[in-house]
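Inside the fold
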Amino acid sequence: MRILKLKFRFSNSHTDAFFNECTVKNIFIDLTNRCNLNCIYCFNDNIIHGSTHDLPLDIIKKMLIDSSNLNISNWFLSGGEPILYPYLDDALHLFQKYKIKPKIASNGSLLTSDIVDKLISFGVGSIQFSIDTLNEDKFINLNCGEPQILKNTINNLIYSINTPLRIVVSTTLTKLNLSDIYSMMIYFQDLGVDSYTVYLYTPSTNQPRMSKYAIDFSELPFIVDSLIEHYYQHCDTKIIDTDLFWILHSEIYKKWQSKIDLRVHNCSAGNTFSVKVNGEVSPCICQNSPDFICGNLHNSNLCEILKSQKRKDILSIYTKVPECKNCNYLNDCRAGCRSNAYIFGKSGLISADPHCEFFRLYNGKL
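Concerning the packing of aromatic side chains
Counted under the stated rule, the structure contains ten aromatic pairs. With a centroid separation of 5.1 Å and an interplanar angle of 75°, the aromatic rings of Phe 245 and Trp 246 are classed as edge-to-face. Judged by its relative accessible area of 4%, Phe 245 falls in the buried class. Judged by its relative accessible area of 6%, Trp 246 falls in the buried class. Members of the aromatic cluster, connected to one another through ring pairs, are Tyr 187, Phe 188 and Tyr 196. Taking NZ or CZ as reference, Lys 238 lies 5.3 Å from the ring centre of Tyr 232, over its face.

If you want it as structure tokens, here you go:
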């Protein structure tokens, strides 16, 4: 799955590959667990703080050999911080050889003009900058970095916007930066980024250090409605993509569907998978827990893993959630986010997604 999000578009010229149950479209590759920041919300937190690991080039080559049989549209290179991957140039040479234009997901602090120009020369198609605040004090608390790193990131973003690359920005929503997001949305639109994505906090483990900063589930519907209102008032494009599937059957959707092209997508675990830095493959970007792992590229290839019974079982698990079995919307929402259900529920993979309850309770409270 993708991390749950609202993608506010500032341009209508690009369409992402969203859920299609029959095809695999997106692959996220964790190149390394090295990172120069220590973000408190990181869903790879347990990997980042382990011993250093870098995905072997042989594994990348193995995937690219398989790529001709998979028809994958989007290859995302992430981490950790992918710019710290010691074999990045060699990996990009491989993508170039196979005529694939990968996308980079980065915190942006190391994307100097020289690095950006090099990425362009290798055929990289787009870069996602992760920027959670423009406030230096909040940056220290949220991302555990020095203020100069934030300044470097903004300078790198401004340079990148003026290149042929498609540039997008993302922010992870916390109590610390909620008030910043409204002004950041306008700031990034004025700079000329293609879209601005607000991610909900989606942990791979229940991280204690995020406990006082995580937005309560009960507050999310009101925040979502407020962010849509702000976008509607200040942005001209009027297109939002979201996989907050519960919106579709809430008063929020009824309120905005005639004013905004509010495109609601299901969880993308069916057409997305993630390769972890140790070669394990999961249908969920956020999860490397054993219950989510479909196979390992050290002893299998992509085609074998994607056709495996384990993957089929994980993708059909939504039909076994007791609270959802008789719901009229089950085939639409696929029982919500399995990662959040797994972390916050009491029944593992067949737990109910806690978000659903609060979006239903929100009905009638606008």
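We are not done yet, so read on.
Section: the pairing of strand S8 (residues 239–242)
Burial along S8 is two-sided: Ile 239 and Asp 241 facing one way and Ile 240 and Thr 242 facing the other are all buried. By the bridge criterion, four bridges tie strand S1 (residues 5–9) to S8 in an arrangement that is antiparallel. Across the sheet, the residue bridging to Arg 9 is Ile 239, located in S8. The pairing of S8 with strand S9 (residues 261–264) spans four bridges and is classified as parallel. Residue pairing for S9: Asp 241 is matched across the bridge by Arg 263. Once the chain exits S8 it traverses helix H9 (residues 251–256) before rejoining the sheet at S9, and the crossover so formed is right-handed.

Quick word on helix H8 (residues 220–234)
Here H8 is 15 residues long and its end C-alpha atoms lie 21 Å apart, about the 21 Å a rise of 1.5 Å per residue gives. Inspection of H8 places Leu 220, Pro 221, Ile 223, Val 224, Asp 225, Leu 227, Ile 228, His 230 and Tyr 231 among the buried residues, and these make up the whole buried set.

Some thoughts on the pairing of strand S3 (residues 74–78)
The side chains of a regular strand alternate, residue by residue, between the two faces of the sheet. With five of its five residues buried, S3 lies for the most part within the structure. Of the two faces of S3, the one lined by Asn 74, Phe 76 and Ser 78 and the one lined by Trp 75 and Leu 77 are each fully buried. Bridge analysis of strand S2 (residues 26–30) against S3 gives five bridges, and the strand direction is parallel. Across the sheet, residue Asn 26 finds its bridge partner in S3, namely Asn 74. One ladder, built from two bridges, connects S3 with strand S4 (residues 103–106); its direction is parallel. Its bridge partner lying in S4, Phe 76 is registered against Lys 103. The β-α-β motif built from S3, the intervening helix H3 (residues 88–97) and the parallel element S4 has right-handed crossover chirality.

Regarding helix H5 (residues 136–143)
An α-helical turn contains 3.6 residues, so any two residues separated by three or four positions project in the same direction. Those residues of H5 not exposed but buried are Lys 138, Phe 139, Leu 142 and Asn 143. End-on, the buried residues of H5 take up no more than an arc of 105°, which puts them together on one face. The elements touched by buried residues of H5 are helix H6 (147–161) and helix H7 (178–191). Measuring from the side-chain oxygen of the N-cap residue of H5 to the backbone nitrogen of Asp 137 gives 2.9 Å; that N-cap residue is Asn 135.

Comments concerning the nonpolar core
Counting residues in hydrophobic clusters, the biggest one holds 96 residues, and the most contacted among them are Ile 60 and Met 63. Looking at this core, the element that brings in the most residues is H8, giving six residues. Beyond its immediate stretch of four places on either side in the chain, Met 63 contacts Ile 27, Ile 29, Leu 55, Trp 75, Val 275, Leu 297 and Leu 302. Counting 13 residues, the second largest nonpolar core, distinct from the first, contains Phe 28, Cys 286, Ile 317 and Leu 349.

Cut-off values and rules
- Residues numbered from 1 in each chain as written.
- Predicted model: local features only at pLDDT ≥ 70, side-chain atom pairs only at ≥ 80, totals over all residues.
- Heavy atoms only, no water.
- Phe/Tyr/Trp six-rings, centres within 6.5 Å; stacked < 30°, edge-to-face > 60°.
- Buried < 20%, exposed > 50% of the residue type's maximum accessible area, 1.4 Å probe, protein only.
- Lys NZ or Arg CZ within 6 Å of the ring centre and 35° of its normal.
- Helix = DSSP H or I, 4+ residues; strand = E, 2+ residues; numbered from the N terminus.
- Pairing = 2+ DSSP bridges.
- Right-handed = clockwise from strand over helix to strand, strands pointing away.
- Expected span 1.5 Å × (residues − 1).
- Arc of directions from axis to C-beta.
- Contact = heavy atoms within 4.5 Å.
- Polar contact = N/O pair within 3.5 Å; in protein donor to acceptor, adjacent residues only side chain to side chain.
- Core = buried A, V, L, I, M, F, W, Y, C linked by side-chain atoms within 4.5 Å.

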